[in-house]
Structures are given as C-alpha cells and as structure tokens.
Amino acid sequence: MKPFYVTGHMNPDCDAIVSAIAYAHLKQQLGQDAIACALGKAKSETQYLLQKFGFEHPKLIHTARCMLSEIEKDDPLLAGPDLTMKEALDLILSRKNKGIFIVDEKERLLGLLSVSDLTKLWAESGKSLKDLISTATLTNIARVLKGKYYCESKHYRPSGIVQIMPSMSDKPEVYKNSIVIVRNNPDIQRFVIDAGAALVVVSGEDWIDAVTLSYAKEKGVPMLHTDYSVIECSRLIYQTPSVKSVMTTDVMTFQETEYVDEVSDHIAKTRYRTYPVLDKEGRVVGAISRYHLFHYEKKKFILVDHNEAMQSVRDLEFGEVVEIIDHHRMGGIETVTPINIVARTVGSTAAIITGLYKSSHIKLSKNLAGILLGAAINDTMCLQSPTTTPFDHEMVKYLEEVSGTKAVDLYQEMLDASDSITNKTDVELLYNDFKEFRISGTRIAIAQVQCKKDDYFAIKDHFHAFMEETAEAQHYDLVLTLFTDPMGSGSYFLAAGKKSSIVTEAFGDLLNKDHFGKGIVSRKKQVLPIIIDTLK
C-alpha cells in the first residue's frame, strides 16, 4: 500500500510546514505509513524553528501525478543476445511473460522479443528460414539438440538448408553446405561428408566408427550426436538461431521518471503488449502494459492547513485526497469517496493537531511540542490575532509545558530570524505567503507579509508596479498584499489589478490615507470574508 503524503499549501508558512511534520508523525505512531511533504521551501523563521528543535525540512513534492517509478510494474524478463530461440520460447512460456528484453552485459536494452517474433518466422518463406538457419552457431545447435560433438570444425559455413534422411541415390551437390540429419548409418554419413555437408547430425544410437570419424576430420565436417529422433531434430533445428537474429530493435521505451498519464497517451496509439521501463543509465528496470497504466494506485494525500485545489499540490486531480485537517473556509475540493475532515474555527492547524495527539493518547516529544508551539504562535501572532480562540490558548499553554519553552520568547526568536522584506526580490515577497481564490467568477490572490513600517514604505512603489505586471500577466482581477505589523497593530493594504477598487469599496472606512487598517491582521477572518461579501 502506498504511503499517505501529508502536505500543507503552496508557498508554505510555518503552520503548513509544521502541521505536515506533526500529523505525519501522528499517523506513523498510529501504525500508518505517512510522509511529511512541502510544496515549497520553508521561510527563514520556519527554518530556524526546525533547526532549533532538530527537524529536517519536509520532502518537496511538485505534483500529484505518479511517475512510472512509483507504480507497480512487472519484473522484466531479461536475457542476453546469444540466447537461442528455443531457450527464449521456453522462458517466455514458463514465466507467462509477454516478452523478453534482450540486454547487454550492463542490462542496457538491445531489443525486444515476443512470442509472435518467434512463431511468425516458422511461417516465413523458404529463403527467410534459410537465411535464419545460416546464422545458427555450432554451440547453439548443440545446446538446443542437447548433443555432443564427435568432432568440430573452425570452418563451419552453413548455407541454411536443412536435409533429412538422405539417400545415396541423391545427387551429392544437394547436400553441399547443408545441415544434414541422419540415422547411425556409416555409409550414408560418409556419403554426405564427401558431398561437402556443413554439419552432420546423428540421431539415435551414440556411436560412430573410426573410419567415418577420421574422414569427417579430414574433410573438416563437424559431427554431432543427439538422442532426439530425426523428426524432433528437424523441428528443433529451426529454433537454434540466437535471438539477436530475430528480436525487434525498434522498441518504444519509457524512462522511469515519465508520468503515467503521459505514457498512457503514447501507449494508446500503439499495439504492443509490453514496454520496457529504463532508468537514467538505460538499464531495464521494469515492464509495463496497459493493465498497469489503467489500474495503478494513485498517490493519497492528506491536506493540512488548506482545503482548496488552487492552493494545493499541482495536478491534484491525478491523486486522491483522503483527509483534510484545516482551520480555513471550505473551498470545494471534490472527492470520489467519503473522507475524514477535521475543520475548526481556531487560530492554527498546529493547535488542531495538538488536540488530535491528546485525543489519540499519543505523547508528544519535547521537540515536537516545540515546533508545534512555534507554528501555533506564528499563525496567531503570539495569540494576538483576532482568529485566536480559548482553544488556542489552551493548546499553547500545554505545548509550553511539554516543550519547556515560553511562547513569547520563542515568538521573538522567530521574529529575529525572519528576513527583512528589503532583502527579498519582488517574486519572493509576493509568493512568500500567497493564496489564490475564485469567487463569483473573479480570480483574486491575497498575499500577506509581516514587516516593519519603514521597510514597507521602502519597497512600496516598485513592488506595486510588480503587482500590476503580475495581475496582467497571470490574469488576476485583483492582487492584494497585506503588510502586517508582527506585533499585531494592523496591516497596510496594497492592491493591483483591474478590480483593485474592490479594496477601497470594501475597506474604505477602515483604512487611513496610507491604506493602513488598524487592528486588521487576519487574512482569513478580517479580509477575505469582506471581499467575498463585496463581490457577491
């Protein structure tokens, strides 16, 4: 069974990163395989928090799509190019595989061999069979016929013609350079040797007289004995060529880093039954068919600190959402089956997850409590945000006790560790904490940045120009950035886009001449609901 991928939203804040780590750990303690993920790099204050309490950054994940390396595949049936056709057919039938991948000594693909590649040759014209048999080596013939050589020759040059049970009344030139299958009759054997046969296969009793053997050596004609009957030999001799003579070399291959949906589109236009999957070194590491692509297990996601597809991992429709832990408005993700949802009107997802540890009777470690405390106070501005509830106070007090850390001290440490916005590029600043919404047909984005007053006015003009460019290029009707005082006094509003007047309409009475909204610090509780009401 695939693991659960626990992930926060795009442009992750501290609450998103820590919630993913903590909830993945809770799932693991409950006996479920879960991996903490992030949809972007943590901000400096979050990195400080993780380092302080000894946690690594969660695994970065960029898409919900599965690569071929992440789905079930058949073990590839591999063989070298010198395998005989008989050995190849036996191998395919014994393993019930659709084909064999012919590889070199480093398991790099040379070609593909299917049952149809083997069987269709036996219905070919005489010339095609003749050309094929002419490639069979003495070694291959001995392996297939399970024979032993009375004598061999370094000058084996067969024409590809196979003769059975010759008669001394035949013209000798008929047998020149032919493979001749005979019974243990010395006269017949010497007759075909004298005629210049390329190989004499003796079927039946295992003996040869000295005169015949000496004559074969003198003429340079190899002689082989097999216990198979003449009829059996005549059938098996056509399975002695090496597979390199009959394999398909124009093979459609896929890299294990290719995505399943893209591979499905390619395979839908072809007729083959099996396809090799290669690693970056060109080695065959698996085999896929249409069955694998139509029945693979999708990645399973647990969304924390968000519930809207626009804020979640890319290509979410190719994955499966199985659970949501959040404290934001519900944004309409559709699921195929019922899922577990924990949604509470509290200040942070970290507080919700702390409560889940308590209700599950799973003890928090000191360090895990430390990062949960940091996330809880970061998301509530050290419990000063209007989103803060009595539950948040209760969980923060509990986390302080378990971690042995004071919330106010940790909050100041995280503020000191955060980067000044004057040191960030416009792109970093806008997408630092950036969320998209689609409301009543209007596409809007709201970013939020914590900063000091002087820093805001230092970057305001050139950053506003960048916001206008972004709104036009990305087709946003409104892009709003909140520059929030980390001590909770309020936020500066900076709006761009063709519907930027919505901000003035919605908040005009609450903003001063510098567009500062006193006491407005919460995007989800004080800003987004008013914009939604205005748009509607």
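The structure under discussion appears in the preceding block.
Now for a look at the structure at hand. Quick caveat, the model's predicted, so the values are computed rather than measured. (Residues numbered from 1 in each chain as written. Predicted model: local features only at pLDDT ≥ 70, side-chain atom pairs only at ≥ 80, totals over all residues. Heavy atoms only, no water.)

### Examining the packing of helix 7 (residues 186-194) against helix 8 (residues 210-219)
- Between helix 7 and helix 8, whose axes approach to 10 Å, the crossing angle comes to 10°. Compared by their axis directions, helix 7 and helix 8 come out roughly parallel. Residues Pro186, Gln189, Arg190, Ile193 and Asp194 of helix 7 form the contact with helix 8, whose participating residues are Val211, Thr212, Tyr215, Ala216 and Lys219.
- Of the residues assigned to the contact of helix 7 with helix 8, the class counts are five nonpolar, two polar and three charged. (Axes fitted to C-alpha atoms, helices over the stretch in contact; angles between N-to-C directions. Helix = DSSP H or I, 4+ residues; strand = E, 2+ residues; numbered from the N terminus. Parallel < 35°, antiparallel > 145°, perpendicular 65-115°, else oblique. Contact = heavy atoms within 4.5 Å. Nonpolar A, V, L, I, M, F, W, Y, C, P; charged D, E, K, R; others polar.)

### With respect to the pairing of strand 18 (residues 434-439)
- For strand 18, the buried fraction is high: five of the six residues fall into the buried class.
- Pairing analysis gives six bridges linking strand 18 to strand 19 (residues 442-450), with the strands arranged antiparallel. Within the sheet, the bridge partner assigned to Lys435 lies in strand 19 and is Ile446.
- In this structure, the hairpin formed by strand 18 and strand 19 is closed by a connection of two residues, where Ser440 is found at a positive phi of approximately 50°. (Buried < 20%, exposed > 50% of the residue type's maximum accessible area, 1.4 Å probe, protein only. Pairing = 2+ DSSP bridges.)

### Some words on the pairing of strand 14 (residues 284-288)
- When you tally the buried positions in strand 14, you get four out of five residues, the bulk of the element.
- Counting the residues between successive antiparallel strands, the hairpin from strand 13 (residues 275-278) to strand 14 contains five residues, one of them, Gly282, with a positive phi of roughly 85°.

### What to know about the nonpolar core
- Within the largest apolar cluster, 52 residues are counted, with the highest numbers of intra-cluster contacts made by Val6, Tyr23, Leu49, Tyr357, Ile371 and Leu372.
- At nine residues, the largest contribution of residues to this core is made by helix 1 (residues 14-29).
- Judged by nonpolar contacts, the second largest core, of 21 residues, contains Phe463, Ala471, Tyr476 and Phe516. (Core = buried A, V, L, I, M, F, W, Y, C linked by side-chain atoms within 4.5 Å.)

### A closer look at the sheet that holds strand 6 (residues 109-114)
- Pairing within the open sheet is mixed, and its three strands lie in the order 4-5-6. Sheet topology places strand 4 (78-79) and strand 6 at the edges, where each strand pairs with a single neighbour.
- Along the sheet face, helix 3 (residues 85-95) touches strand 5 (99-103) and strand 6 and points at about 130° away from the line of strand 5.

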